[in-house]
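Residue-level listing of the chains:
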Amino acid sequence: MNPMALTYDQHFQSAIARLKMEKRYRVFANLERDAVRFPTALWRPEGEEHAPREVTIWCSNDYLGMGGHRAVVDAARDALDRHGAGAGGTRNISGTHNPIVELEAELSDLHGKPAALVFTSGWISNLAGISTVSSLLPNCLIFSDALNHNSMIEGVRRSGCEKQIWRHNDVGHLEELLKAAGNERAKLIVFESLYSMDGDIAPVAEIVALAEKYNALTYVDEVHAVGMYGARGGGICQREGVEDRIDIIEGTLAKGFGALGGYIAASPAIVDAVRSYAPQFIFTTTLPPMVAACARAAVRHLKHSGEERARHQHMAMLTKHALRAAGLPVMDNKSHIVPVMVGDAARCKEASDLLLRRHSIYIQPINYPTVALSTERLRITPTPRHNEAHVAELVEALVDVWSSLGLPFVEAKVIPMRSRAAPEAHCTYPEMKRAAE
Ligand SMILES: *Cc1c(COP(=O)(O)O)cnc(C)c1O
């Protein structure tokens, strides 16, 4: 070996050592998903000889279990048989395959927008969508919510445009900044409809009203809402009746729709411009036909079926209720996300390990930089495929882990299932931070 290589390697080793010291080195569990028996999966403990173990998944972003849905799996298999494995190249080289044309038509219909464009992931759609739209506008000023996802931040960065960060979900602050920028300047407001770590929902109607008042374009990431909210699964903006007043809707096909890929839906001019200018679209091979076909099947199914959405919300409510009744520090929100505060990276990891090893429950620890330091948490995502028995097991396991690790309980409150509006029944975020200290 070239002796010089050692000095290079030391830099990588010390970079990894830093993460380990900060207790945020990530280890991935080897989990084999079971399409039929989801949320049950097989876990293969690393470096252990014995047979894989059955575990229950409680943190999947396949929020509705669509990844294993019959219609979705059949659509993929049918497309695979007919069209083979890959797409054969970028759309510039290989043309556009029919399943992706059909998928884009399905998505533009889902959001009531005249056009849609599919990318290889939601991350790429944000990078491409935000950077291309804003860089094609003269001297565009971007207003970005303080808690926007990494893919949106990268999109803003890549645009090279001036940006201003508005305090999370604070429309008063947004208005101040918009007013100061003046009506003449090109402006793009970028935000998420549902923030996935706290599970809080943006005041979309107020943001849209401000955009209209100050003549700004709006770009919303509906990644954690598509499939799950709105009468046809179009997301929070659809539920709030403001979809037609949003300029660009971005979504993923990988979470509620259970497949892979991302997209934007917007006016024909915006979609055509992004298609024509975004290198993240132009220079990469498009999704294979089978992925486009199964994503389309999921979108189509959820447009017409509200059953999964209703049961999803029901299971999320039931889980929150049961955990709170057991005195576990569940953060308050009005969505399907159930964050349970730990407030310390090492203990969050320990809690997750103990859940898996002792209770066969998989909940990945959420640590910095995904969330702020001292707000490390377990992020629980009930699906329509979980049942009451799963919830009972989860409560028992978490109570045992909390007791074993000496994590603080909050005062147990029994909340009547149908009155989740009662404010005194909820733990608020700062209270929980204190409780965890
Ligand atoms: C997961 C996520 C993305 C990226 O979507 P992928 O399809 O997984 O690449 C974009 N935005 C938000 C808010 C996300 O949580």
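Quick caveat, the model's predicted, so the values are computed rather than measured. (Residues numbered from 1 in each chain as written. Predicted model: local features only at pLDDT ≥ 70, side-chain atom pairs only at ≥ 80, totals over all residues. Heavy atoms only, no water.)

**Let's talk about the sheet that holds strand β7 (residues 187-192)**
Two strands in a sheet stick together by hydrogen bonds in their backbones, pointing the same way (parallel) or opposite ways (antiparallel). One open sheet accounts for seven strands, arranged β4-β10-β9-β8-β7-β5-β6; its pairing is mixed. The strands lining the two open edges of the sheet, one partner per strand, are β4 (115-119) and β6 (162-166). This sheet shows a mean twist of 20° between the axes of neighbouring strands, independent of strand direction. Taken together, the three bridges between strand β8 (residues 217-221) and strand β9 (residues 248-252) define a ladder with parallel strand orientation. Bridging across to β9, D221 finds its partner in E250. Contacts from helix α4 (residues 98-111) reach β4, β9 and β10 (262-266), with the element oriented near 125° to β4. (Pairing = 2+ DSSP bridges. Helix = DSSP H or I, 4+ residues; strand = E, 2+ residues; numbered from the N terminus. Axes fitted to C-alpha atoms, helices over the stretch in contact; angles between N-to-C directions. Contact = heavy atoms within 4.5 Å.)

**Considering the environment of S135**
Mapped onto the secondary structure, S135 falls in helix α5 (residues 122-135). Classification of S135 as partly exposed rests on a relative accessible area of 42%. Placed 21 residues apart in sequence, S135 and V156 show a C-alpha to C-alpha distance of 9.4 Å. The contact partners of S135, leaving out residues within four places of it in the chain, are S159 and C161. (Buried < 20%, exposed > 50% of the residue type's maximum accessible area, 1.4 Å probe, protein only.)

**Describing the UniProt feature "domain: Aminotransferase class I/classII large" (unreviewed entry) in the protein chain**
Using the residue numbers shown here, the UniProt feature "domain: Aminotransferase class I/classII large" (unreviewed entry) corresponds to residues 54-398. Secondary structure across residues 54-398 divides into 46% helix and 15% strand, with the first and last C-alpha atoms of the span separated by 18 Å. (UniProt positions renumbered as here; feature names shortened; annotations may be inferred.)

**What to know about the packing of α5 against helix α6 (residues 150-159)**
Orientation of α5 relative to α6, taken along the N-to-C sense of each, is 30°, at an axis distance of 7 Å. With respect to each other, α5 and α6 are oriented roughly parallel. Remark: the crossing between α5 and α6 carries right-handed chirality. When α5 is examined against α6, the residues W123, N126, L127, I130, S131, S134 and S135 are found in contact with a partner set consisting of N150, S151, M152, E154, G155, V156, R158 and S159. Among the residues forming the contact of α5 with α6, the class breakdown is five nonpolar, eight polar and two charged. (Parallel < 35°, antiparallel > 145°, perpendicular 65-115°, else oblique. Left-handed = near helix turned anticlockwise from the far one by under 90°. Nonpolar A, V, L, I, M, F, W, Y, C, P; charged D, E, K, R; others polar.)

**Section: the site of the ligand**
Neighbouring the ligand are 14 residues; G122, D221, H224, T252 and K255 lie closest to it. With respect to the ligand, the side chain of K255 contributes an N or O atom lying 2.9 Å from an oxygen atom. Relative to its free-state accessible area of 380 Å², the ligand is covered by the protein chains to the extent of 85%. In terms of residue count, α5 provides more of the shell around the ligand than any other element does, three residues in total. Residue composition of the shell around the ligand, by class: three nonpolar, eight polar and three charged. (Near = heavy atom within 4 Å. Polar contact = N/O pair within 3.5 Å; in protein donor to acceptor, adjacent residues only side chain to side chain. Areas by Shrake-Rupley, 256 points an atom, 1.4 Å probe, with all protein chains shown as cover.)

**Details of the pattern of salt bridges**
If the charged atoms of two oppositely charged side chains come close together, the side chains can form a pair. Scanning the model with the defined rule gives 24 salt bridges in all. As a salt-bridge pair, E32 and R44 come within 2.7 Å of each other at their nearest N and O atoms. Separated by twelve residues along the polypeptide, E32 in strand β1 (residues 30-33) and R44 in strand β2 (residues 40-44) bring together distant segments of the chain. We classify E32 as partly exposed; its relative accessible area is 36%. (Salt bridge = Lys/Arg side-chain N within 4 Å of Asp/Glu carboxyl O.)

**Comments concerning α6**
All buried positions along α6 are accounted for by S151, M152, G155, V156 and S159. Here the buried residues of α6 occupy an arc of 140° about the axis, which is enough to place them on one side. Those residues of α6 that are exposed and aimed more than 90 degrees away from the buried face are R157 and R158. Contact partners of the buried residues in α6: α5, β5 (141-145), β6, β7 and β8. Trailing α6 by a residue or two, G160 shows a phi angle of about 75°, which is positive. (Arc of directions from axis to C-beta.)

**What about the packing of aromatic side chains?**
Inspection of the entire model under this criterion finds one aromatic pair. Taking 5.9 Å as the distance between ring centres and 80° as the angle between the ring planes, the aromatic pair formed by F119 and F281 counts as edge-to-face. Here the residue F119 occupies a position in strand β4, and F281 occupies one in helix α11 (residues 279-282), the gap between them amounting to 162 residues. Each of the two residues, F119 as well as F281, counts as buried. The residue whose ring lies beneath K20 is Y25, and the NZ or CZ to ring-centre distance is 4.5 Å. (Phe/Tyr/Trp six-rings, centres within 6.5 Å; stacked < 30°, edge-to-face > 60°. Lys NZ or Arg CZ within 6 Å of the ring centre and 35° of its normal.)

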